[in-house]
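Structural overview
This is what each chain is made of:
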Amino acid sequence: MRQTLGRRAPKRRRPRRRSARRIGHRRRRLPYARAVETVRPVADRHGLGVTVEGDFRERRLTDGPVETVGETFESAIAGVWEDWTFAWANGESSLAAQERGVRAVSVGF
């Protein structure tokens, strides 16, 4: 047992933890934060900057949950992979996503 001789023992400070809500909010503002954190040490080591290319984003299957178009995630994915030109309402086909990615790579060279 520790005796303090009339003074209160100092409180132990816990490291601050960010809540899941705050982390999620930050990710929404910086959608590529984890990717940038991954490449930053390599870029710094070689004296390069990091540029975020918006066209390297995930493909949007539809403008909401796939259940709103009467599908499960698995069946929605199967639909766009079976026919590369098929897209759900307000979504992107496999072909369009591929073309977007190729354009983004071509811009860098």
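All of the points below concern the structure found in this document. (Residues numbered from 1 in each chain as written. Predicted model: local features only at pLDDT ≥ 70, side-chain atom pairs only at ≥ 80, totals over all residues. Heavy atoms only, no water.)

Overview of a nonpolar patch on the surface
Where nonpolar side chains cluster on the molecular surface, the patch consists of W81, W84 and L95 and spans about 300 Å² of accessible area. Checked against the element boundaries, W84 lands in the loop between helix 3 (73-82) and helix 4 (94-107). Given a relative accessible area of 35%, W84 falls into the partly exposed group. (Patch = residues over 30% accessible without salt bridge, like charges linked within 9 Å, V, L, I, M, F, W, Y side chains within 5 Å. Areas by Shrake-Rupley, 256 points an atom, 1.4 Å probe, with all protein chains shown as cover. Salt bridge = Lys/Arg side-chain N within 4 Å of Asp/Glu carboxyl O. Helix = DSSP H or I, 4+ residues; strand = E, 2+ residues; numbered from the N terminus. Buried < 20%, exposed > 50% of the residue type's maximum accessible area, 1.4 Å probe, protein only.)

Regarding the nonpolar core
Inside soluble globular proteins, nonpolar side chains tend to come together where they are buried. Formed by L61, V66, A76, V80 and W88, the largest nonpolar core amounts to 5 residues. With near-sequence residues (within four places) excluded, L61 lies in contact with V66, F73, A76, I77, V80, W88, A89, G91 and E92. (Core = buried A, V, L, I, M, F, W, Y, C linked by side-chain atoms within 4.5 Å. Contact = heavy atoms within 4.5 Å.)

Brief notes about the environment of V69
Looking at the element boundaries, V69 is found in the loop between helix 2 (33-45) and helix 3. Taking the relative accessible area as the measure of exposure, V69 reaches 29% and is therefore partly exposed. Taking C-alpha positions, V69 is 7.8 Å from W88, a pair spaced 19 residues apart along the chain. Excluding residues within four positions of it along the chain, V69 makes contact with T62 and W88.

Some words on helix 4
When the terminal C-alpha atoms of helix 4 are compared, their 20 Å separation across 14 residues agrees well with the 20 Å that a helix rising 1.5 Å per residue should span. Of all the residues in helix 4, the buried ones are S94, A97, R100, G101 and A104. Here the buried residues of helix 4 occupy an arc of 130° about the axis, which is enough to place them on one side. For helix 4, the elements touching its buried residues are helix 3. (Expected span 1.5 Å × (residues − 1). Arc of directions from axis to C-beta.)

Such coordinate-based values are descriptive only and should not be taken to indicate function.
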